[in-house]
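# Per-entry structural report
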Amino acid sequence: MFFGQKILDYKEDILKDLDELIKIQSVSSQGSEMPAKALEWILQKAENMGFSTKNINGIAGHVEYGDGEELAAVLAHVDVVPAGDGWSVEPFALTEKNGRLYGRGVVDDKGPAIVALYCLKALKDNGIVPKRKIRLIFGAAEEIGMNDMEEYFKHEKMPDMAFTPDSEYGICKCEKGILQLEISSEINENSYLKEFHSGNAVNAVPSRADAFVDREFQAVGKASHGSTPELGVNAAVNLIKTLSDIYGYSSLGNLCTFLGKEIGSETDGKSLGISCQDELSGNLTVNLGVVDIDKNISHAFIDIRYPVTEDFAMIIKQVGAKAAPYSLKVGVYNHEEPLCIDENSPVMTILKNAYQTVTGEEPEIYSTGGGTYARTLKNNGAAFGPVFKGDISNIHDVDESIDKNNFFQHAQICLQAIFGFAGK
């Protein structure tokens with residue numbers, strides 16, 4: 001049964017509520033109250049629809065429908081990365097232009113969150129009583145390490161099956177491990193470099209870098225997600241190279257020298273000695289996400305996405321060995337274990353059927369370097385949508401957007417999958 005098309009009855013309401021949610025500037029950062037406000041907003045919206053909700057300490061929560069013994073879930077997040085500079089539209093509002101929907105979070109992940117909520121409403125409005133209990137689990141700290149789900153699952157049951165619409169179609173079977181390292185030096189090291197600042201998030205390629213030696217320097221690049229650094233142009237790397245060409249590495253201090261010589265423009269970790277790959281999930285990637293140097297601090301953060309069969313402890317050991325001659329300290333800022341699920345599991349079967357019912361095609365089974373809530377699900381869930389191949393969504397970049405027709409095709413697939421979860 002093609003139940004998914006019923007989501008189209010709510011198109012205008014979805015867009016109206018998505019605009020309201022995007023306007024809540026829920027940028028993830030330590031101490032910010034805005035992600036919690038976005039969480040409160042979506043839970044209140046669900047209560048207004050007649051659903052029961054629960055808020056876990058302002059960092060995560062759920063919407064629930066049905067009373068079955070088995071638990072099926074959709075996981076989405078309402079926090080976002082910073083907007084950055086250079087948008088052609090207002091980033092914190094929903095804008096429709098040339099057949100596309102624009103706004104920070106329209107894809108990652110506020111758009112899918114609103115869609116999931118209306119999918120639950122479609123079940124309820126059409127009298128579908130699910131055989132499984134269905135939850136929409138919303139987080140408010142996905143972009144800064146996913147400790148929201150860690151906190152949530154301290155209090156709540158792990159789903160028997162789930163998906164998160166926070167990646168691409170078809171179905172993501174494997175997610176590489178995510179290892180984020182802080183590399184730091186003594187702030188009183190002998191250096192002519194007075195300041196260097198680049199990047200807002202470790203999991204994004206910085207599009208701008210600023211430095212001051214005897215005069216101000218600035219470099220620009222192209223932002224991209226930290227899982228695909230090869231698609232961006234790293235402004236920090238460009239500026240370090242420019243400064244080294246003018247002043248020499250010895251004038252820039254140990255940290256910049258290490259970053260320039262041992263990482264540079266490479267995104268595969270070759271000079272660091274950690275380049276590797278496997279058949280399940282592909283190549284290791286490295287991104288220099290943040291650099292901050294001034295009279296008080298001197299540190300950088302790198303984002304490593306490693307294959308599912310590799311040992312993260314050996315990667316840390318090797319980076320530490322490379323950093324030691326520069327008198328640098330290496331610490332683990334964040335680590336997320338890799339994911340690899342059984343392609344023949346019940347959840348994979350439901351997702352495959354949903355995609356085929358709506359599109360008429362078999363979904364591609366793929367691996368990613370991206371990090372989603374799926375890796376918190378103990379191999380009971382996968383990343384599934386919302387972006388279709390060929391639709392450049394600019395996630396974590398300026399002008400984040402999605403084709404409007406694709407957005408509502410995703411909505412139909414999402415509803416069809418939740419209908420499958422309902423056991424109907």
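For the structure itself, consult the block above.
Summarised in this report is the structure supplied together with it. This structure is a prediction, so every number in the text was calculated from the model and none was measured.

## What to know about the pattern of salt bridges
For the coordinates displayed, the defined rule picks out 21 salt bridges. A salt bridge links Glu-156 to Lys-54; its shortest N-O distance comes to 2.6 Å. Taken together, the residues Glu-156 in the loop between α4 (147-155) and β7 (161-164) and Lys-54 in strand β1 (residues 52-56) connect sequence positions 102 residues apart. A salt bridge links Glu-336 to Arg-375, with the nearest nitrogen and oxygen atoms 3.7 Å apart. Placement of Glu-336 in strand β18 (residues 329-336) and of Arg-375 in the loop between β20 (365-368) and β21 (381-384) is noted, with a sequence separation of 39 residues between them. Taking relative accessible area as the criterion, Arg-375 reaches 12% and is therefore assigned buried. Salt bridges linked by common partners bring Lys-54, Glu-64, Arg-135 and Glu-156 together as one network.

## Notes on the environment of Asn-405
Here Asn-405 shows up in helix α9 (residues 404-421). When the C-alpha positions of Asn-405 and Leu-75 are compared, they lie 23 Å apart, and in sequence the two are 330 residues distant.

## Focus on the state of the cysteines
Evaluated as defined, the whole model comprises zero disulfides. No disulfide involves Cys-414; its sulfur sits 3.9 Å from the nearest other cysteine sulfur, which is in Cys-119. By relative accessible area, which is 0% here, Cys-414 ends up buried.

## A few points about the sheet that holds strand β12 (residues 208-212)
Judged by pairing direction, the sheet is antiparallel, and its seven strands sit side by side in the order β13-β12-β11-β16-β17-β10-β18 without closing on themselves. Only two strands of the sheet have a single neighbouring strand rather than two, namely β13 (216-220) and β18. The mean angle between the axes of side-by-side strands here comes to 20°, regardless of whether they run parallel or antiparallel. As paired strands, β12 and β13 are joined by five bridges and run antiparallel to one another. Its bridge partner lying in β13, Ala-209 is registered against Ala-219. Across the sheet, helix α5 (residues 235-247) touches β11 (195-198), β12, β13 and β16 (285-293), and the angle it forms with β13 is around 135°.

## Section: unusual backbone geometry
Residue Gly-170 follows Tyr-169 across a cis peptide bond; omega there is 5°. Positionally, Gly-170 belongs in the loop between β8 (167-168) and β9 (171-175). Cis geometry is found at the peptide bond from Gly-385 to Pro-386, where omega equals 10°. Topologically, Pro-386 is positioned in strand β22 (residues 386-387). Of note, Ser-327 is a non-glycine position whose phi angle comes to about 60°, a positive value. Residue classification places Ser-327 among the exposed residues on the basis of a relative accessible area of 56%.

## Re α5
Each turn of an α-helix holds 3.6 residues, which means side chains three or four residues apart point in the same direction. Its 13 residues place the ends of α5 18 Å apart at the C-alpha level, agreeing with the 18 Å of an ideal helix rising 1.5 Å per residue. Within the sequence span of α5, burial applies to Ala-235, Ala-236, Val-237, Leu-239, Ile-240, Leu-243 and Ser-244. For α5, the elements touching its buried residues are β11, β12, β13, α6 (253-263) and β16. The opening residue of α5, the one whose side-chain oxygen lies 3.0 Å from the backbone nitrogen of Ala-236, is Asn-234. Just downstream of α5 lies Gly-248, where phi reads positive at about 85°.

## What about the packing of aromatic side chains?
Taken as a whole and judged by the stated rule, the model has 13 aromatic pairs. With a centroid separation of 5.1 Å and 80° between ring planes, the pair formed by Tyr-152 and Phe-153 is classed as edge-to-face. Of the two residues examined, Tyr-152 and Phe-153, each falls in the buried class. Seen in terms of ring centroids, Tyr-169 and Phe-388 are 4.7 Å apart; in terms of plane orientation they differ by 35°. Their pairing is tilted. Separated by 219 residues along the polypeptide, Tyr-169 in the loop between β8 and β9 and Phe-388 in the loop between β22 and β23 (401-403) bring together distant segments of the chain. The same class applies to Tyr-169 and to Phe-388, which are both buried. Site record: aromatic cluster; members linked through ring pairs are Phe-163, Tyr-169, Tyr-355, Phe-384, Phe-388 and Phe-421. Lying across the ring of Tyr-102, Lys-97 places its NZ or CZ 4.9 Å from the centre.

## Here's the deal with the packing of helix α2 (residues 34-48) against helix α3 (residues 110-125)
Their axes nearest at 11 Å, the elements α2 and α3 cross at an angle of 15°. When the axes of α2 and α3 are compared, the pair comes out roughly parallel. For α2 against α3, the interelement crossing comes out right-handed. Here Trp-41, Ile-42, Lys-45 and Ala-46 of α2 lie close against α3, whose contacting residues are Ala-113, Ile-114 and Leu-117. Grouping the constituent residues of the contact of α2 with α3 by class yields six nonpolar, no polar and one charged.

Rules behind the numbers
Residues numbered from 1 in each chain as written. Predicted model: local features only at pLDDT ≥ 70, side-chain atom pairs only at ≥ 80, totals over all residues. Heavy atoms only, no water. Salt bridge = Lys/Arg side-chain N within 4 Å of Asp/Glu carboxyl O. Helix = DSSP H or I, 4+ residues; strand = E, 2+ residues; numbered from the N terminus. Buried < 20%, exposed > 50% of the residue type's maximum accessible area, 1.4 Å probe, protein only. Disulfide = S-S within 2.5 Å. Pairing = 2+ DSSP bridges. Axes fitted to C-alpha atoms, helices over the stretch in contact; angles between N-to-C directions. Contact = heavy atoms within 4.5 Å. Expected span 1.5 Å × (residues − 1). Polar contact = N/O pair within 3.5 Å; in protein donor to acceptor, adjacent residues only side chain to side chain. Phe/Tyr/Trp six-rings, centres within 6.5 Å; stacked < 30°, edge-to-face > 60°. Lys NZ or Arg CZ within 6 Å of the ring centre and 35° of its normal. Parallel < 35°, antiparallel > 145°, perpendicular 65-115°, else oblique. Left-handed = near helix turned anticlockwise from the far one by under 90°. Nonpolar A, V, L, I, M, F, W, Y, C, P; charged D, E, K, R; others polar.

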